[in-house]
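Chain by chain, the residues run as shown.
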Amino acid sequence: MVKLTPSLSLGLTHFSPITVSSFFFSLSSFRTKFHFYPPIHHRAMSMDSQSFSSSIDSVTQHLQNHTLQTHTHAPRSKLEDLNWDHSFVRALPADPRTDSLPRQVLHACYTKVSPSVEVDNPQLVAWSESVADLFDLDYKEFERPDFPLIFSGASPPVGALPYAQCYGGHQFGMWAGQLGDGRAITLGEILNSKSERWELQLKGAGKTPYSRFADGLAVLRSSIREFLCSEAMHHLGIPTTRALCLVTTGKLVYRDMFYDGNAKEEPGAIVCRVAQSFLRFGSYQIHASRGDEDLRIVRSLADYAIRHHFPHIENMSKSESLYFSTGDEDHSVVDLTSNKYAAWAVEVAERTASLIARWQGVGFTHGVLNTDNMSILGLTIDYGPFGFLDAFDPHFTPNTTDLPGRRYCFSNQPDVGLWNLAQFITALSAAQLINEKEANYALERYGMKFMDDYQAILTKKLGLPKYNKQLISKLLSNMAVDKVDYTNFFRTLSNVKADTSIPDDELLVPLKSVLLDMGKERKEAWTSWLKAYIHELSTNDISDDQRKTSMNLVNPKYVLRNYLCQTAIDAAEIGDFGEVRRLLKLVEHPFDEQPGMEKYARLPPAWANRPGVCMLSCSS
């Protein structure tokens with residue numbers, strides 16, 4: 001049984017590097033059996049974890065379906081015609097002050113503050129048509145001469161009501177107190193033709209009360225990375241905040257990229273980020289940390305989130321029959337229909353677990369998994385020094401600030417997700433929204449959901465008929481020893497034939513492009529693994545071509561490698577935005593072969609190993 005961290009100020013401050021095998025199975029202890037308890041007048045029955053997941057998922061989907069309506073294709077809108085709404089501002093307490101002087105903002109969820117960024121002939125660098133589709137925006141609006149002025153913040157759109165959100169968080173395991181939107185200013189929410197709510201936010205739009213000693217601005221290099229990766233992750237099928245557009249300000253910003261005293265001027269830029277909500281774990285932590293007077297705000301924030309973003313929970317009733325045993329010796333029961341906050345905590349836990357499982361599946365490392373960078377919607381949020389694995393290294397971290405402890409390295413992400421979730425759960429417990437058993441149950445669900453999703457992802461990536469722990473563990477060990485490229489290996493693996501008669505000396509031929517510079521001993525290790533893999537494949541009835549097709553649907557050919565970002569950044573900093581736009585088109589179809597674009601799937605060149613490319617700081 002996972003025990004809840006008792007205090008916001010307590011917790012792990014260091015994660016020791018763990019082995020490849022322990023990474024994939026360290027959460028296996030959470031896979032305990034749960035029992036489903038229908039009302040007494042129904043026949044009792046037990047369910048294993050897979051059936052449990054199906055039952056709660058089906059109930060959730062059933063509830064969500066009640067809220068869906070059929071809509072005809074909506075007419076395209078001009079910026080002036082967008083349907084603005086401001087539910088966050090209406091429902092939650094505001095800072096009585098509206099200035100941007102750095103200060104502690106007490107008893108409030110946000111501060112009304114307007115963008116203050118200075119611009120000089122701002123330019124539109126790139127835009128996402130698929131994000132414009134989210135709120136029915138006419139593509140012709142991107143051609144407007146005033147579009148860069150509007151989305152730089154110099155002339156905010158009509159109907160906007162800008163504000164910066166107040167939140168706190170744990171940074172590298174230590175409670176950091178108030179953080180907040182130090183350079184992100186939300187313009188408001190737009191309701192589209194399907195009554196979906198989308199927040200628009202300008203990142204780099206100027207100072208807010210949460211800027212502390214910073215200038216509230218952003219530079220072009222970090223803005224390009226955020227814009228491209230937001231869209232790349234979405235098209236990989238990973239929940240994420242989106243990016244509508246990227247605009248240069250025409251002004252220079254001073255930044256010390258490596259925090260070594262060598263600041264220099266860099267071009268300024270702004271990304272318009274889009275999400276259904278930018279609420280984070282830290283949005284709840286800050287108010288729970290401030291004592292009894294602010295605990296009511298935790299409840300108000302929870303009510304707001306459930307009402308607007310988890311309406312199926314608001315509509316849950318006793319008839320849904322969501323009673324579950326905690327697995328304790330006394331067989332205590334958690335009733336998710338009697339406490340909507342408990343049901344919500346469980347769903348946040350499951351969304352978080354599912355998100356991180358998907359990160360691990362594509363080799364994505366976030367780099368800054370502080371609790372203020374954890375979305376309650378299970379979205380990837382705040383792209384700083386992220387990185388996709390090139391050579392497989394479980395201890396890879398793209399963040400120079402994360403050295404030497406590597407708290408946020410690739411292999412630690414599942415455990416960090418659990419630790420961060422415990423801090424969020426602690427905030428809900430402090431506000432007496434959930435009790436200890438409900439809290440522990442939510443944490444257990446994280447472990448079970450992560451293992452269920454991750455095992456399913458790895459099984460699909462390998463084209464296996466069923467999950468094989470030993471086979472996958474050995475594969476990852478081999479990949480780590482030989483520093484095999486993560487993306488290219490899984491994509492190439494689909495070329496292997498399920499033919500047990502292939503001679504040993506020919507087994508490695510389909511993988512020769514990804515298994516490089518190996519001696520006899522390592523070739524033997526891979527040959528042994530391939531024989532076991534092919535044997536497993538041969539137990540399935542699908543053809544090699546069918547398996548290849550299905551594997552290529554989950555193993556991308558293209559990911560946003562850091563060196564690709566840097567190539568686009570180098571060109572953009574001298575005024576050539578063509579590579580940014582080419583990369584955007586590339587990452588919008590990561591699973592397609594895209595003839596003529598093969599160079600974007602190549603291994604990083606030697607220059608990509610320099611600081612500022614393979615590893616970055618949080619400076620932006």
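Rules of the game
- All chains use their own residue numbering, which begins from 1 and follows the written sequence.
- At least 70 in pLDDT is required for a residue's local features to be given in this predicted model, at least 80 for side-chain atom pairs to be given and counted, and no such filter applies to totals for whole chains, interfaces and linings, which use all residues.
- Side-chain numbers here rest on the full set of heavy atoms in the structure, without hydrogens or water.
- Each helix is a run of DSSP H or I of at least 4 residues and each strand a run of E of at least 2, with the numbering of both proceeding from the N terminus.
- Each residue is assigned to one of three classes by its accessible area relative to the maximum for its type, calculated with a 1.4 Å probe on protein chains only: buried under 20%, partly exposed between the two thresholds, exposed over 50%.
- Contacts: residue pairs with any heavy atoms within 4.5 Å of one another.
- Note on areas: Shrake-Rupley with a 1.4 Å probe; residue coverage comes only from the protein chains shown.
- When DSSP finds at least two bridges between two strands, those strands are taken to pair.
- Between the first and last residue of a helix there are one fewer steps than residues, each counted as 1.5 Å, and that sum is the expected span.
- A pairing counts as a salt bridge when a side-chain nitrogen of Lys or Arg comes within 4 Å of a carboxyl oxygen of Asp or Glu.
- Here an axis means a line fitted to C-alpha atoms, over the contact stretch when the element is a helix, while the angle between two N-to-C directions is reported on a 0 to 180 degree scale.
- Any angle between 65 and 115 degrees counts as roughly perpendicular, while under 35 counts as roughly parallel, over 145 as roughly antiparallel, and the rest as oblique.
- The sense of a crossing depends on the near helix, which, turned anticlockwise from the far helix by less than a right angle, makes the crossing left-handed and, turned clockwise, makes it right-handed.
- Charged means Asp, Glu, Lys or Arg here, nonpolar means Ala, Val, Leu, Ile, Met, Phe, Trp, Tyr, Cys or Pro, and polar covers whatever is left, Gly included.
- For every residue, the predictor states its confidence as a pLDDT score lying anywhere from 0 to 100.
- Stacked, edge-to-face and tilted are the three classes for Phe, Tyr and Trp ring pairs, Trp counted by its six-membered ring, which pair at centre distances within 6.5 Å; planes under 30 degrees apart are stacked, over 60 edge-to-face, the rest tilted.
- We call a charge positioned above a ring when the Lys NZ or Arg CZ atom is no farther than 6 Å from the ring centre and deviates by at most 35 degrees from the ring normal.
- Pairs of N or O atoms are called polar contacts if they sit within 3.5 Å, as long as, within protein, a hydrogen donor faces a hydrogen acceptor (for residues adjacent in sequence, only side-chain-to-side-chain pairs).
- Residues grouped as a nonpolar core are buried Ala, Val, Leu, Ile, Met, Phe, Trp, Tyr and Cys residues, joined through side-chain atoms within 4.5 Å.
- Criterion for a disulfide: a pair of cysteine sulfur atoms at a distance within 2.5 Å.

## Considering the overall build of the protein chain
So, step 1. Tallying secondary structure elements over the protein chain gives 18 helices and 14 strands in all.
So, step 2. In the protein chain, which comprises 620 residues, the share counted as buried stands at 60%.
So, step 3. When contacts within the protein chain are restricted to residue pairs at least 6 apart in sequence, long-range pairs at least 24 apart make up 75% of them.
So, step 4. Per element, the accessible surface of the protein chain, about 24,900 Å² overall, is 52% carbon and sulfur.

## A word on the pairing of strand S6 (residues 174-178)
If a strand is regular, its side chains alternate between the two faces of the sheet.
So, step 1. Alignment of strand S5 (residues 168-171) against S6, held across three bridges, turns out to be antiparallel. Bridge pairing links Gly168 to Gln178 in S6.
So, step 2. Hairpin remark: S5 followed by S6, antiparallel, with two residues in the connecting loop; positive phi at Phe172, about 55°.

## Digging into helix H15 (residues 520-538)
In an α-helix there are 3.6 residues to a turn, and that puts residues three or four apart on one side.
So, step 1. Between its first and last C-alpha, H15 extends 27 Å over 19 residues, near the 27 Å set by a 1.5 Å rise per residue.
So, step 2. Of the positions making up H15, those classed as buried are Arg522, Ala525, Trp526, Thr527, Trp529, Leu530, Tyr533, Ile534, Glu536 and Leu537.
So, step 3. Packed against the buried residues of H15 are helix H12 (436-462), helix H13 (469-482), helix H14 (486-493) and helix H16 (544-552).

## Comments concerning the pattern of salt bridges
So, step 1. Across all of its chains, the model carries 32 salt bridges by this definition.
So, step 2. The salt bridge involving Arg273 is made with Glu226; its shortest N-O contact spans 3.0 Å. Of this pair, Arg273 sits in strand S10 (residues 264-275) while Glu226 sits in helix H6 (residues 220-235), and the two are 47 residues apart along the sequence. Summarising the burial analysis for this pair, Arg273 and Glu226 share the class buried.

## Topic: the environment of Ile150
So, step 1. Following the sequence through the fold, Ile150 ends up in helix H5 (residues 147-150).
So, step 2. For the pair Ile150 and Pro122, spaced 28 residues apart in sequence, the C-alpha to C-alpha distance is 9.7 Å.
So, step 3. In contact with Ile150, other than residues within four places in its own chain, are Leu79, Arg144, Ser155, Pro156, Pro157 and Leu202.

## Things to note about the environment of Ala427
So, step 1. Summarising the element assignment, Ala427 is placed in helix H11 (residues 413-430).
So, step 2. Contact partners of Ala427, with chain neighbours within four places excluded, come to Tyr284, Gln285, Ala288 and Val298.

## Observations regarding the pairing of strand S7 (residues 184-191)
So, step 1. Burial within S7 is extensive, with seven of its eight residues counted as buried.
So, step 2. In this sheet, S7 lies alongside strand S1 (residues 84-85) in antiparallel orientation, the contact comprising two bridges. Bridged to Trp84 within S7 is Ile190.
So, step 3. Linking S7 to strand S8 (residues 197-203), which pair antiparallel, is a turn of five residues; within it Ser195 sits at a positive phi near 65°.

## What to know about the packing of helix H8 (residues 292-309) against helix H10 (residues 340-362)
So, step 1. Where H8 meets H10, the axes come as close as 11 Å, and the angle between the chain directions of the two elements is 70°. Classed by the angle they form, the pair H8 and H10 counts as roughly perpendicular. Crossing geometry of H8 relative to H10 is assigned as left-handed. Where H8 approaches H10, its residues Arg299, Ala302, Asp303, Ala305, Ile306 and His309 are matched on the opposing element by Lys340, Tyr341, Trp344 and Arg351.
So, step 2. Here the contact of H8 with H10 is composed, by residue class, of five nonpolar, one polar and four charged.

## Here's the deal with H6
So, step 1. For H6, spanning 16 residues, the distance from its first C-alpha to its last is 23 Å, which sits close to the expected 22 Å at 1.5 Å a residue.
So, step 2. Taken across its 16 residues, H6 has 14 buried, putting it largely inside the fold.
So, step 3. Positive phi shows up at Gly237, right after H6, with a value of about 85°.

## Here's the deal with the confidence of the model for the protein chain
So, step 1. Put simply, the protein chain has an average pLDDT of 88, and 85% of its residues get 70 or more.
So, step 2. In the model, residues 58-72 has pLDDT below 50 throughout and makes 13 contacts with residues more than four positions away in sequence or in other chains.

## Digging into the packing of aromatic side chains
So, step 1. All chains considered together, the criterion is met by 28 aromatic pairs.
So, step 2. Plain terms: the ring middles of Tyr486 and Phe490 are 5.1 Å apart, the flat faces sit at 65° to each other, and that makes the pair edge-to-face. Of this pair, Tyr486 and Phe490 both sit in helix H14, four residues apart, which is roughly one turn of that helix. For the residue pair Tyr486 and Phe490, the accessibility class agrees, reading buried in each case.
So, step 3. An aromatic cluster is defined as three or more aromatic residues linked by ring pairs; in this entry it consists of Phe392, Phe410, Tyr486, Phe489, Phe490, Trp526, Trp529 and Tyr533.
So, step 4. Positioned over the ring face of Phe386 is Arg225, at 4.1 Å from the centre of the ring.

## Observations regarding the side chain of Arg273
So, step 1. For Arg273, a relative accessible area of 1% translates into the label buried.
So, step 2. Side chain to side chain, Arg273 and Gln201 meet in a polar contact 2.6 Å long.
So, step 3. In this structure Arg273 touches Ala184, Glu199, Leu200, Gln201, Lys203, Glu226, Arg242, Ala243, Phe278, Arg280 and Asp382, once residues within four positions along its chain are discounted.

## Details of the nonpolar core
For soluble globular proteins, the rule of thumb is that nonpolar side chains tend to be buried together.
So, step 1. Tyr284, Trp344, Phe489 and Tyr533 are the most contacted members of the largest nonpolar core, which has 136 residues in total.
So, step 2. When sequence neighbours within four positions are dropped, the list of residues in contact with Phe489 reads Leu475, Met479, Val484, Leu511, Val514, Leu515 and Trp526.
So, step 3. In terms of nonpolar packing, the next biggest core, distinct from the first, is built from 28 residues, Leu79, Trp84, Val131 and Leu134 among them.

## Focus: the state of the cysteines
So, step 1. A full pass over the atoms with the stated rule returns zero disulfides.
So, step 2. Considering cysteine sulfurs only, Cys565 is the nearest to Cys229, which forms no disulfide, with 6.8 Å between them.

## Focus: the side chain of Asp335
So, step 1. Inspection of the secondary structure assignment puts Asp335 in strand S12 (residues 333-335).
So, step 2. Polar side-chain contacts of Asp335 include one of 2.5 Å to the side chain of Thr337.

## A short note on unusual backbone geometry
So, step 1. At the junction of Leu403 and Pro404, the peptide bond is cis and its omega measures out at 0° in the coordinates.
So, step 2. Counting through the fold element by element, Pro404 comes out in the loop between strand S14 (387-388) and H11.
So, step 3. In this model, Phe172 sits at a positive phi of 55°, which is unusual for a non-glycine residue.
So, step 4. Take Phe172: it is sitting in the loop between S5 and S6.

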